[in-house]
Amino acid sequence: KPNTPFIDLANKLTSGVGQMHTRYNIAFHPYNFLRDSMTNSFIIGAELGGDTARRVLSEVANIMATGKLYKAGKISAMYNSGKRAELTEWSKADPFVKNAFDYIKAGGRVSFIQGTSMQMQSEALIKAIGPSNTIKSWDHFNKLIDIWSETFELSARAAAYSVIKAKMIQDGALETAA
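Bear in mind that the values here come from a model prediction, so they are computed numbers and not experimental data.

Conventions adopted
- Residues numbered from 1 in each chain as written.
- Predicted model: local features only at pLDDT ≥ 70, side-chain atom pairs only at ≥ 80, totals over all residues.
- Heavy atoms only, no water.
- Helix = DSSP H or I, 4+ residues; strand = E, 2+ residues; numbered from the N terminus.
- Buried < 20%, exposed > 50% of the residue type's maximum accessible area, 1.4 Å probe, protein only.
- Contact = heavy atoms within 4.5 Å.
- Areas by Shrake-Rupley, 256 points an atom, 1.4 Å probe, with all protein chains shown as cover.
- Salt bridge = Lys/Arg side-chain N within 4 Å of Asp/Glu carboxyl O.
- Patch = residues over 30% accessible without salt bridge, like charges linked within 9 Å, V, L, I, M, F, W, Y side chains within 5 Å.
- Expected span 1.5 Å × (residues − 1).
- Core = buried A, V, L, I, M, F, W, Y, C linked by side-chain atoms within 4.5 Å.
- pLDDT = per-residue confidence, 0-100.
- Phe/Tyr/Trp six-rings, centres within 6.5 Å; stacked < 30°, edge-to-face > 60°.
- Axes fitted to C-alpha atoms, helices over the stretch in contact; angles between N-to-C directions.
- Parallel < 35°, antiparallel > 145°, perpendicular 65-115°, else oblique.
- Left-handed = near helix turned anticlockwise from the far one by under 90°.
- Nonpolar A, V, L, I, M, F, W, Y, C, P; charged D, E, K, R; others polar.

Draft legend 1. Structural detail: the overall build of the chain. When its secondary structure is counted, the chain shows eight helices and zero strands. Starting at the N terminus and walking to the C terminus, you meet the elements of the chain as α-α-α-α-α-α-α-α. Relative to its 178 residues, the chain shows a buried fraction of 35%. Contacts in the chain between residues at least 24 apart in sequence constitute 61% of all its contacts with a sequence separation of at least 6. Of the roughly 10700 Å² of accessible surface on the chain, a fraction of 64% belongs to carbon and sulfur atoms.

The structure is reproduced here in structure tokens:
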């Protein structure tokens with residue numbers, strides 16, 4: 001059954017109101033980072049024990065206290081710009097970068113799709129704003145907001161990934177399996 005103009009308008013209004021609370025609320029992304037990190041730790045703790053949950057929260061605190069959120073943003077930007085060789089080199093010298101980059105590469109179908117989507121968005125944004133580095137349209141602004149949110153998503157996921165990987169290695173798994 002086709003939508004009516006009234007239903008279409010109601011859907012657009014509902015979507016707009018929802019996005020004002022999340023996507024366009026720049027304070028939402030750091031808040032969501034903390035909420036996702038706590039949720040990750042609780043789920044991991046239920047499966048792997050309280051000590052592992054504590055280590056996830058400790059890694060999140062470490063990320064926040066040591067400037068690794070900035071690194072996560074830089075990792076996302078480099079990955080999205082196709083600078084995989086540079087990321088590989090950087091990951092040899094920095095364990096956080098290695099874990100975040102490994103997570104992106106081996107994070108499963110969802111991470112691959114999101115990474116590809118973010119790469120296309122970043123490339124389109126860089127091309128659209130040109131040498132002036134000026135955002136000229138609502139679409140450009142949306143892409144910038146989406147890149148901002150990816151910084152926090154990657155940090156939360158990389159924290160959980162690095163703790164579980166370390167636990168698996170501690171329990172006897174090979175690094176490639178972990």
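Draft legend 2. Molecular detail of the pattern of salt bridges. Inspection of the entire model under this criterion finds 11 salt bridges. In this structure, the salt-bridge partner of Lys98 is Glu175, at a minimum N-O distance of 3.4 Å. Placement of Lys98 in helix 6 (residues 95–106) and of Glu175 in the segment after helix 8 (138–170) is noted, with a sequence separation of 77 residues between them. Overall, the relative accessible area of 44% leaves Glu175 in the partly exposed class. The salt bridge involving Asp102 is made with Lys165; its shortest N-O contact spans 3.4 Å. Remark: Lys165 occurs in helix 8 and Asp102 occurs in helix 6; sequence separation between them is 63 residues. In the salt-bridge network here, residues are joined through shared partners; they are Lys98, Asp102, Lys105, Lys165 and Glu175.

Draft legend 3. Seen up close, a nonpolar patch on the surface. On the surface, Met38, Phe42 and Leu57 cluster together into a nonpolar patch covering about 290 Å² of accessible area. With respect to the secondary-structure elements, Met38 resides in helix 2 (residues 28–48).

Draft legend 4. Representation of helix 4 (residues 68–80) within the structure. With 13 residues, helix 4 ought to run about 18 Å at 1.5 Å a step, and its terminal C-alpha atoms sit 18 Å apart, in line with that. Once helix 4 finishes, Gly82 follows within two positions and takes phi at roughly 80°, a positive value.

Draft legend 5. Examining the nonpolar core more closely. Among the nonpolar cores identified, the biggest contains 20 residues, and Phe33, Ile75, Leu87, Phe96 and Leu154 are the most heavily contacted of them. Secondary-structure elements contributing two or more residues to this core are helix 3 (50–65), helix 4, helix 6 and helix 8. Ignoring sequence-local partners within four residues, the contact set of Ile75 consists of Leu87, Trp90, Phe96, Val97, Ala100, Ile104 and Leu154.

Draft legend 6. Representation of the side chain of Thr151 within the structure. Structurally, Thr151 can be placed in helix 8. Take Thr151: its relative accessible area is 13%, and that puts it in the buried class. Every residue in contact with Thr151, bar those within four places of it in the chain, is listed here: Leu69, Ala72 and Gly73.

Draft legend 7. Region of the structure containing the confidence of the model for the chain. Taken as a whole, the chain shows an average pLDDT of 82; of its residues, 81% reach a score of 70 or greater. Summarising per-element confidence for the chain, the mean pLDDT is lowest in helix 7 (residues 108–129) (54) and highest in helix 5 (residues 84–93) (94).

Draft legend 8. The arrangement of the packing of aromatic side chains in detail. On inspection of all chains with the given rule, the structure shows three aromatic pairs. When the ring of Phe28 is compared with that of Tyr31, the centres are 6.4 Å apart and the planes differ by 50°; the resulting orientation is tilted. Within this pair, Phe28 and its partner Tyr31 are both found in helix 2, separated by three residues, close to a single helical turn. Taking relative accessible area as the criterion, Phe28 reaches 16% and is therefore assigned buried. On the basis of relative accessibility, which here comes to 48%, the residue Tyr31 falls in the partly exposed class. Ring geometry for Phe33 and Phe152: centres 6.1 Å apart, planes at 55°, overall tilted. Of the two residues, Phe33 sits in helix 2 while Phe152 sits in helix 8, which places them 119 residues apart along the sequence.

Draft legend 9. Representation of the packing of helix 5 against helix 6 in the model. Axis separation between helix 5 and helix 6 bottoms out at 6 Å; the angle between their running directions is 135°. The orientation of helix 5 relative to helix 6 falls into the category oblique. Crossing handedness for the pair helix 5 and helix 6: left-handed. For the pair formed by helix 5 and helix 6, the contact residues are Arg84, Leu87, Thr88, Trp90, Ser91 and Ala93 on the first element and Pro95, Val97, Lys98 and Phe101 on the second. Taken together, the residues of the contact of helix 5 with helix 6 sort by class into six nonpolar, two polar and two charged.

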